Amino acid sequence: ETGSCDNVILWGRSMGASTALLYENAKDPLVACMILDSPFASINQLFTDFGNMVPNLSNWIKDILKWMLRMSISSRAGFNPDE
(Lines give C-alpha, C1' and ligand atoms only; values in the text may rest on other atoms or scores of the structure.)
Protein backbone atom coordinates (compact mmCIF):
# COMPACT_ATOMS: atom_id res chain seq x y z
CA GLU A 1 0.00 0.00 0.00
CA THR A 2 1.32 3.44 -0.83
CA GLY A 3 0.69 6.66 1.02
CA SER A 4 -0.66 9.81 -0.48
CA CYS A 5 0.53 13.38 -0.36
CA ASP A 6 -1.66 16.47 -0.59
CA ASN A 7 1.13 19.07 -0.41
CA VAL A 8 4.90 19.26 -0.62
CA ILE A 9 7.47 21.62 0.84
CA LEU A 10 10.37 22.70 -1.36
CA TRP A 11 13.68 23.16 0.43
CA GLY A 12 16.82 24.41 -1.24
CA ARG A 13 20.21 25.89 -0.39
CA SER A 14 22.15 28.27 -2.63
CA MET A 15 21.59 27.15 -6.22
CA GLY A 16 18.94 24.68 -5.01
CA ALA A 17 17.05 27.57 -3.40
CA SER A 18 17.13 29.50 -6.66
CA THR A 19 15.98 26.40 -8.53
CA ALA A 20 13.07 26.06 -6.10
CA LEU A 21 12.12 29.67 -6.84
CA LEU A 22 12.16 28.95 -10.57
CA TYR A 23 10.00 25.86 -10.06
CA GLU A 24 7.52 27.76 -7.93
CA ASN A 25 7.19 30.20 -10.79
CA ALA A 26 5.19 27.39 -12.48
CA LYS A 27 2.56 27.80 -9.71
CA ASP A 28 2.29 24.12 -8.86
CA PRO A 29 -0.73 23.73 -6.53
CA LEU A 30 1.00 20.89 -4.64
CA VAL A 31 3.69 23.23 -3.29
CA ALA A 32 2.52 24.36 0.13
CA CYS A 33 5.60 26.40 1.06
CA MET A 34 9.30 26.85 0.39
CA ILE A 35 12.29 26.94 2.73
CA LEU A 36 15.08 28.84 0.98
CA ASP A 37 18.59 29.04 2.42
CA SER A 38 20.91 31.59 0.76
CA PRO A 39 19.47 31.83 -2.77
CA PHE A 40 21.51 34.00 -5.10
CA ALA A 41 19.82 37.02 -6.63
CA SER A 42 21.83 37.30 -9.83
CA ILE A 43 23.37 34.51 -11.85
CA ASN A 44 25.82 37.01 -13.36
CA GLN A 45 26.99 37.94 -9.86
CA LEU A 46 27.33 34.24 -9.05
CA PHE A 47 29.53 33.76 -12.15
CA THR A 48 31.65 36.76 -11.14
CA ASP A 49 32.04 35.54 -7.55
CA PHE A 50 33.12 32.07 -8.68
CA GLY A 51 35.52 33.58 -11.21
CA ASN A 52 37.12 35.72 -8.54
CA MET A 53 37.87 32.62 -6.47
CA VAL A 54 40.67 31.84 -8.94
CA PRO A 55 43.01 34.84 -8.60
CA ASN A 56 45.27 34.25 -11.63
CA LEU A 57 42.53 33.43 -14.15
CA SER A 58 42.54 35.82 -17.11
CA ASN A 59 39.44 37.94 -17.69
CA TRP A 60 39.04 36.63 -21.24
CA ILE A 61 38.97 33.05 -19.91
CA LYS A 62 36.36 34.10 -17.31
CA ASP A 63 34.28 35.67 -20.09
CA ILE A 64 34.44 32.48 -22.17
CA LEU A 65 33.44 30.37 -19.17
CA LYS A 66 30.52 32.71 -18.40
CA TRP A 67 29.38 32.45 -22.02
CA MET A 68 29.59 28.64 -21.92
CA LEU A 69 27.57 28.51 -18.69
CA ARG A 70 24.94 30.85 -20.13
CA MET A 71 24.57 28.68 -23.23
CA SER A 72 24.34 25.52 -21.14
CA ILE A 73 21.69 26.98 -18.84
CA SER A 74 19.75 28.36 -21.77
CA SER A 75 19.68 25.04 -23.64
CA ARG A 76 19.08 22.79 -20.60
CA ALA A 77 16.73 24.91 -18.50
CA GLY A 78 15.01 26.80 -21.30
CA PHE A 79 15.51 30.32 -20.01
CA ASN A 80 17.98 33.14 -20.51
CA PRO A 81 20.05 33.58 -17.33
CA ASP A 82 20.66 37.23 -18.21
CA GLU A 83 16.98 38.09 -17.77
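Definitions and limits used
- Residues numbered from 1 in each chain as written.
- Predicted model: local features only at pLDDT ≥ 70, side-chain atom pairs only at ≥ 80, totals over all residues.
- Heavy atoms only, no water.
- Helix = DSSP H or I, 4+ residues; strand = E, 2+ residues; numbered from the N terminus.
- Buried < 20%, exposed > 50% of the residue type's maximum accessible area, 1.4 Å probe, protein only.
- 1 Å grid on protein atoms, 1.4 Å probe; cavity = no way out; pocket = protein on both sides within 12 Å on 5 of 7 lines; lining within 4 Å.
- Points joined across faces, edges and corners; volume = space filled by probe spheres on them.
- Nonpolar A, V, L, I, M, F, W, Y, C, P; charged D, E, K, R; others polar.
- Axes fitted to C-alpha atoms, helices over the stretch in contact; angles between N-to-C directions.
- Parallel < 35°, antiparallel > 145°, perpendicular 65-115°, else oblique.
- Left-handed = near helix turned anticlockwise from the far one by under 90°.
- Contact = heavy atoms within 4.5 Å.

K.L.:
I'd love a proper account of the environment of Ala 41, names of residues and values included.
P.N.:
Considering the arrangement of structural elements, one finds Ala 41 in the loop between strand S2 (31-37) and helix H2 (43-52). Assessed through its relative accessible area of 89%, Ala 41 is described here as exposed. The spacing of Ala 41 and Ser 18 is 23 residues in sequence and 8.0 Å in space, taken between C-alpha atoms.

K.L.:
Which residues make up the layout of surface pockets, and what values do they have?
P.N.:
What the largest pocket holds in volume is close to 430 Å³. In terms of lining residues, the largest pocket is bounded by 17 residues, among which Ser 18, Leu 22, Phe 40, Ile 43 and Phe 79 are the most central. Per-element accounting of the lining of the largest pocket gives the leading share, 5 residues, to helix H1 (residues 15-24). Class assignment for the residues of the lining of the largest pocket results in 10 nonpolar, 5 polar and 2 charged.

K.L.:
A description of the packing of H2 against helix H3 (residues 59-77) should follow, citing residues and the corresponding values.
P.N.:
The N-to-C vectors of H2 and H3 enclose an angle of 140°; their axes lie 11 Å apart at closest approach. Between H2 and H3, the angle is such that the two are oblique. The chirality of how H2 crosses H3 is right-handed. Within the contact between the two elements, H2 uses Ile 43, Asn 44, Phe 47, Thr 48, Gly 51 and Asn 52 and H3 uses Lys 62, Lys 66, Leu 69, Arg 70 and Ile 73.

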